[in-house]
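# A structural walkthrough
For reference, the chains in residue letters:
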Amino acid sequence: PYFLMSGACFVTACLAARMQIRRAPPRESTGFFSSFQQAFRIPLMPVRFWVSFLWLGICIGLATLLAETLRRRFGLSTGQVGIWTGCFGVAVLVGNSMMDRARRVLGSHWRVLACGALATIIGCAVVDVLPVTSLYLLIPAGIAWGIGYGMAGPAQGHQETDSARG
């Protein structure tokens, strides 16, 4: 299977290298810091940067603690921890793909953000704080945490859109 995957990747890379790419006309390049200065002049952008920074920082830190919690609490090996955290990553991707459907059901990105954040907090509290003796009892909490995190993260990008619509 590894040889098939690497062969498919090689063929894909060769085909991509042969593709004709239309290039945009060259623009005047702006520096890294001037790009940030321009971005911070956009209304509400500093708030969005801080919310994203705090959300991603806290949630990534807690996901990192998830691996350590699994290792210490249940004595899992590195490979087993990798499998469990990989499953958590799949739950996050499922949450990302469910965001639009959740927005239609709940009616706004604000509600998706609130429900996703609540699921993240509850799942994190169950996994990292409460004394659970069985690893399999953590599965629903991990799924709620992962899906909530996956839905709430992208929903942040639509906060202004919903508030502008009313």
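In case you missed it, the structure is sitting above this.
The sections below set out a description of the structure shown in this document.

## Some thoughts on the layout of surface pockets
Here the largest pocket defines a volume of roughly 220 Å³. Lining the largest pocket, in full, are Leu66, Leu70, Trp84, Cys87, Phe88, Ala91, Val127, Leu135, Leu138, Ile139, Gly142 and Ile143. Looking at the lining of the largest pocket, the elements that each hand over two or more residues are helix H3 (45–74), helix H4 (78–106) and helix H6 (138–155).

## With respect to the packing of aromatic side chains
Two numbers describe a pair of aromatic rings. These are the distance of the centres and the angle of the planes. On inspection of all chains with the given rule, the structure shows one aromatic pair. Ring geometry for Phe88 against Trp145: centres 5.0 Å apart, planes inclined by 65°, an arrangement best described as edge-to-face. With Phe88 in helix H4 and Trp145 in helix H6, the pair connects residues that are 57 residues apart, well separated along the chain. No difference in accessibility class separates Phe88 from Trp145, as the two residues are buried.

## Here's the deal with the environment of Thr30
In this structure, Thr30 sits in the loop between helix H1 (2–18) and helix H2 (32–40). What makes Thr30 partly exposed here is its relative accessible area of 41%. Separated by 69 residues in the primary sequence, Thr30 and Met99 have C-alpha atoms spaced 34 Å apart. Beyond its immediate stretch of four places on either side in the chain, Thr30 contacts Ser35 and Gln38.

## Quick look at the nonpolar core
Trp55, Leu66, Leu70, Val127, Leu138, Trp145 and Tyr149 are the most contacted members of the largest nonpolar core, which has 19 residues in total. At the level of secondary structure, the elements contributing two or more residues to this core comprise H3, H4, helix H5 (109–128) and H6. Looking at this core element by element, the count peaks at five residues for H6. Residues Met99, Ala102, Ile147 and Met151 belong to the second largest nonpolar core, which totals six residues.

## Things to note about H4
With 29 residues, H4 ought to run about 42 Å at 1.5 Å a step, and its terminal C-alpha atoms sit 39 Å apart, in line with that. Where H4 bends most, at Met98, the angle is about 45°. All buried positions along H4 are accounted for by Val81, Phe88, Ala91, Val92, Gly95, Met99 and Ala102. At the C-terminal side of H4, Gly107 shows a positive phi close to 100°.

Thresholds applied
- Residues numbered from 1 in each chain as written.
- Predicted model: local features only at pLDDT ≥ 70, side-chain atom pairs only at ≥ 80, totals over all residues.
- Heavy atoms only, no water.
- 1 Å grid on protein atoms, 1.4 Å probe; cavity = no way out; pocket = protein on both sides within 12 Å on 5 of 7 lines; lining within 4 Å.
- Points joined across faces, edges and corners; volume = space filled by probe spheres on them.
- Helix = DSSP H or I, 4+ residues; strand = E, 2+ residues; numbered from the N terminus.
- Phe/Tyr/Trp six-rings, centres within 6.5 Å; stacked < 30°, edge-to-face > 60°.
- Buried < 20%, exposed > 50% of the residue type's maximum accessible area, 1.4 Å probe, protein only.
- Contact = heavy atoms within 4.5 Å.
- Core = buried A, V, L, I, M, F, W, Y, C linked by side-chain atoms within 4.5 Å.
- Expected span 1.5 Å × (residues − 1).
- Bend = angle between axes of the 7 residues up to and from the residue.

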